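Each chain, letter by letter, is given below.
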Amino acid sequence: MTDNETLLEDALLLVEQNFYFLHMGEFFSKLSKTEDFTNRSLFVVKKYENEQAYYFNAEIIHELLVNARETKKEDISLFEYFVEFNAFRGICMATVESLRFESSFKTFMQDLFGEQYENFFDIVSFVRNVLSHNIHSEIRLNAKDFDGTLKRIRRMHRKSDISFSFQYALNLPELGAPNDAYSFTCKIDFEALEEDMPFLEILTMWDLMMLSELCFNLVMTYRMKEERKLRG
């Protein structure tokens, strides 16, 4: 296996692992809102080599459990917030890295998306940039979140008002979508982006969830196609 093939495999695996983490995290988020764990032992210790150990702070764990119990079902708890945004960032980061070099996966994506490929790459890059650089509690934009992508769009003489649309039944029928209308559409005008704009007014939580699911499904589909090729 070449270096690029190893890097690709690692990146694709990260997409899958982060999507699994998102699902498990959401399950525990729901559980922490409905079940009271504060009366259980909150003692957690991790043991390492050379008899080293790290003891986690039970008071912090207790505080987060209380926060979850006090959070309404329709609202997001602190634990839930970090599960979702870390998963979104990890999935988009790994997807971007998987497309940075020539590979059979990149060819698969280009063939599947056609003219929409560059728009898809810009969107996942934007999400990766925002969630990697952000330190603002409200996730507000910094110029470096979109400036590089806007310059790339201008260099390629493309429209800055980009749109991406994906319908599973039409584009990936082999996955067996829940229904024929199951789709994802995203629009971003990179020329209109400014510093301090709220990220979630550009892409909603639903957009981020659907984008993450799409990245995962693309990896799964690619793997299935590669396995079929090996079988002949």
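Predicted model only: the values in this text are computed from it and were never measured. (Residues numbered from 1 in each chain as written. Predicted model: local features only at pLDDT ≥ 70, side-chain atom pairs only at ≥ 80, totals over all residues. Heavy atoms only, no water.)

Regarding the overall build of the chain
A tally of regular secondary structure across the chain gives eight helices and four strands. Each helix and strand of the chain, ordered N terminal to C terminal, gives the series α-β-β-α-α-α-α-α-β-α-β-α. Expressed as a percentage of the 232 residues in the chain, the buried residues total 39%. Once local pairs closer than 6 in sequence are excluded, the contacts in the chain between residues at least 24 apart make up 72%. Element-wise, carbon and sulfur atoms account for 52% of the exposed surface of the chain, whose accessible area totals about 14000 Å². A distance of 2 Å separates the average location of the 26 positive side-chain charges in the chain from that of its 39 negative side-chain charges. (Helix = DSSP H or I, 4+ residues; strand = E, 2+ residues; numbered from the N terminus. Buried < 20%, exposed > 50% of the residue type's maximum accessible area, 1.4 Å probe, protein only. Contact = heavy atoms within 4.5 Å. Areas by Shrake-Rupley, 256 points an atom, 1.4 Å probe, with all protein chains shown as cover. Lys, Arg positive; Asp, Glu negative; His and termini not counted. Charge placed at Lys NZ, Arg CZ, Asp CG, Glu CD.)

Describing a nonpolar patch on the surface
A surface patch of nonpolar side chains, amounting to about 390 Å² of accessible area, comprises Met24, Phe27, Phe28 and Phe79. As for its position among the elements, Phe28 is in helix H1 (residues 3–34). (Patch = residues over 30% accessible without salt bridge, like charges linked within 9 Å, V, L, I, M, F, W, Y side chains within 5 Å. Salt bridge = Lys/Arg side-chain N within 4 Å of Asp/Glu carboxyl O.)

Section: the pairing of strand S4 (residues 183–189)
Side chains Phe184, Cys186 and Ile188 of S4 all project onto a buried face; the interleaved residues Ser183, Thr185, Lys187 and Asp189 project onto a face where none is buried. Two strands pair when backbone bridges link them, and strand S3 (residues 161–167) and S4 are joined in this way by seven bridges, in the antiparallel orientation. Within the sheet, the bridge partner assigned to Ile162 lies in S4 and is Ile188. (Pairing = 2+ DSSP bridges.)

Overview of the nonpolar core
Ranked by size, the top nonpolar core spans 55 residues in total, and within it Phe120, Phe126, Ile188 and Phe199 carry the most contacts. Where this core is concerned, the elements lending two or more residues are H1, helix H3 (78–98), helix H4 (104–113), helix H5 (117–133), helix H6 (143–155), S3, S4 and helix H8 (205–231). Among residues more than four places away in sequence, those in contact with Phe120 are Thr95, Leu99, Met109, Phe113, Phe164, Leu211, Leu214, Cys215 and Leu218. (Core = buried A, V, L, I, M, F, W, Y, C linked by side-chain atoms within 4.5 Å.)

Structural measurements only, silent on function.
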